[in-house]
Amino acid sequence: MNKKHLTVKKLDINNLSDVMKLQEKIIKGLHPDEQHFILHRTEADYMKSLNGSNSNMLGVFDGETLIAQTVYCMPQNGESRDMPEFKPEIENKDLVLYEAILVDPAYRGSSLMKRMLEFIENHAIDNGRTHSIIQIAIDNPASWINALHHGMSITKVDKDPTDGVKVIYLEKKITHQPDDDKQLPPQKDSYYMYLGDNIHKKIPTLFNKMQFLIQSGYQGVSLDKETQSLIWEKQEKQNTNVLNLNLFMQNKKISSL
Ligand SMILES: CC(C)(COP(=O)(O)OP(=O)(O)OC[C@H]1O[C@@H](n2cnc3c(N)ncnc32)[C@H](O)[C@@H]1OP(=O)(O)O)[C@@H](O)C(=O)NCCC(=O)NCCS
């Protein structure tokens, strides 16, 4: 792989066969237990994103070869959108939804997903969007780690209403900020959820704990490599469950997951 030659571009109907080929390759590479990581899309599904105005596709190429792709939607008010169970209070015209993110296994390890999200975010902001959202299976840390690195926060943990898969929802307020603003994060109470060096071993216990933290007013905001922890920050609004959380943490010792 020569990363110097990677280029990014919006995909169109001429890319349909490459898009299908890449999806096929990735589905084949997923373990049977991982098939729920992505919706298996048909040509007709992808066509809606390749010739549609509100659903789009971004691709990364190594020379002429498509090596990563993402569907993203910028819905209009009044039309139905995917993921209606998340952020129903935000108007469609303010949203960008990330879906169907795939990176060729040979090109993983360079945070290409994060780089695609950055690219789309800038495009979405230019189109007046103020909020990005994504839904990810809880047992797909490669994906939610990229979303966290991209600055998204975990604000909901639930079962997908259509198939019952345990999922986490992340969101981000998006805006072109001056660098000065970025360097002044608000001071917030933090909680370090220790994940260790094998996240997969922790996953079965994460769902309830993440849900509890969210109900207690926390959002999962970033990863701390030094302590191998997922950092949660208490949001401005005080929540009566915080006392319960402290009790819960003392009793269950969730800081040493
Ligand atoms: C999710 C996906 C797009 C990410 O690919 P990528 O951008 O190359 O991501 P990377 O391999 O660079 O990994 C990003 C982070 O996840 C971590 N990671 C990668 N694979 C992991 C795994 N199996 N378990 C735990 N963490 C993992 C990496 O260590 C890295 O974290 P770091 O930067 O803190 O070290 C890719 O794995 C993929 O195509 N998966 C199959 C389809 C899919 O699940 N799509 C997402 C649907 S929402």
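Refer to the structure above for everything that follows.
Residues numbered from 1 in each chain as written. Predicted model: local features only at pLDDT ≥ 70, side-chain atom pairs only at ≥ 80, totals over all residues. Heavy atoms only, no water.

In a pair of packed helices, the angle between the axes and the distance between the axes together describe the arrangement. Interaxial distance between helix α1 (residues 16-29) and helix α2 (residues 43-50) falls to 10 Å at its minimum, and their mutual angle equals 125°. It follows that α1 is oblique to α2 by the angle criterion. Handedness of the crossing formed by α1 with α2: right-handed. Residues Leu16, Val19, Met20 and Gln23 of α1 form the contact with α2, whose own contacting residues are Glu43, Tyr46, Met47 and Leu50. Looking at side-chain class alone, the contact of α1 with α2 contains 6 nonpolar, 1 polar and 1 charged residues. (Axes fitted to C-alpha atoms, helices over the stretch in contact; angles between N-to-C directions. Helix = DSSP H or I, 4+ residues; strand = E, 2+ residues; numbered from the N terminus. Parallel < 35°, antiparallel > 145°, perpendicular 65-115°, else oblique. Left-handed = near helix turned anticlockwise from the far one by under 90°. Contact = heavy atoms within 4.5 Å. Nonpolar A, V, L, I, M, F, W, Y, C, P; charged D, E, K, R; others polar.)

In this section: α1. In an α-helix, one full turn covers 3.6 residues, which means residues spaced three or four apart are oriented alike. In a regular helix each residue adds 1.5 Å, so 14 residues correspond to 20 Å; α1 covers 20 Å between its end C-alpha atoms and thus fits that length. Those residues of α1 hidden inside the fold are in contact with α2, β2 (55-62), β3 (65-73) and β4 (95-103). (Expected span 1.5 Å × (residues − 1).)

Our next topic: the side chain of Arg129. Its location among the elements puts Arg129 in the loop between α3 (112-126) and β5 (131-137). Here the side chain of Arg129 touches Pro75 through a polar contact of 2.7 Å, landing on its backbone oxygen. Once residues within four sequence positions are removed from consideration, Arg129 is found in contact with Met74, Pro75, Gln76, Asn92, Lys93, Asp94, Leu95, Val96, Ala124 and Ile174. (Polar contact = N/O pair within 3.5 Å; in protein donor to acceptor, adjacent residues only side chain to side chain.)

Around the ligand lies a shell of 20 residues, among which Ile101, Ser111, Met113, Asn140 and His200 are the nearest. Ile101 places a main-chain nitrogen or oxygen 2.7 Å from a nitrogen atom of the ligand. The side chain of His149 places a nitrogen or oxygen atom 2.9 Å from an oxygen atom of the ligand. Listing elements by their share of the shell around the ligand, those giving two or more residues are β4, α3 and α4 (141-149). Take the shell around the ligand: its biggest share by element is 6 residues, from α4. Looking at the shell around the ligand, its residues break down into 10 nonpolar, 8 polar and 2 charged. (Near = heavy atom within 4 Å.)

Membership of the largest hydrophobic core comes to 44 residues, with the highest contact counts inside it found for Trp144, Ile154, Leu170, Met210 and Trp232. Of the residues that make up this core, three or more belong to each of domain 1 (3-176) and domain 2 (187-257). Those residues in contact with Leu170 that sit more than four places away from it in its chain are Phe86, Ser132, Ile133, Ile134, Ile136, Trp144, Ala147, Leu148, Met152, Ser153 and Ile154. Membership of the second largest hydrophobic core comes to 26 residues, among which are Val19, Tyr46, Phe86 and Leu102. (Core = buried A, V, L, I, M, F, W, Y, C linked by side-chain atoms within 4.5 Å. Buried < 20%, exposed > 50% of the residue type's maximum accessible area, 1.4 Å probe, protein only. Domains from an automatic or database assignment.)

For a regular strand, side-chain orientation follows a simple rule: the groups alternate between the two sheet faces. With 5 of its 6 residues buried, strand β10 (residues 229-234) lies for the most part within the structure. Sheet topology places strand β8 (residues 190-194) next to β10; 5 bridges connect them, and they run antiparallel. Across the sheet, Tyr194 pairs through a bridge with Ser229, a residue of β10. Taken together, strand β9 (residues 218-224) and the strand that follows it, β10, pair antiparallel across an intervening segment of 4 residues, in which Gln228 is found at a positive phi of about 50°. (Pairing = 2+ DSSP bridges.)

Secondary-structure assignment places Thr162 in the loop between β6 (153-159) and β7 (166-173). For Thr162, a relative accessible area of 74% puts it in the exposed group. The spatial distance from the C-alpha of Thr162 to the C-alpha of Met83 is 9.9 Å, given a sequence separation of 79 residues. Within the structure, the side chain of Thr162 is placed 2.4 Å from the side chain of Asp160, a separation counted as a polar contact.

As a further point, take α4. For α4, the set of buried residues is Pro141, Ser143, Trp144, Asn146, Ala147 and Leu148. Gly151, located one to two residues past α4, shows a positive phi value of around 100°.

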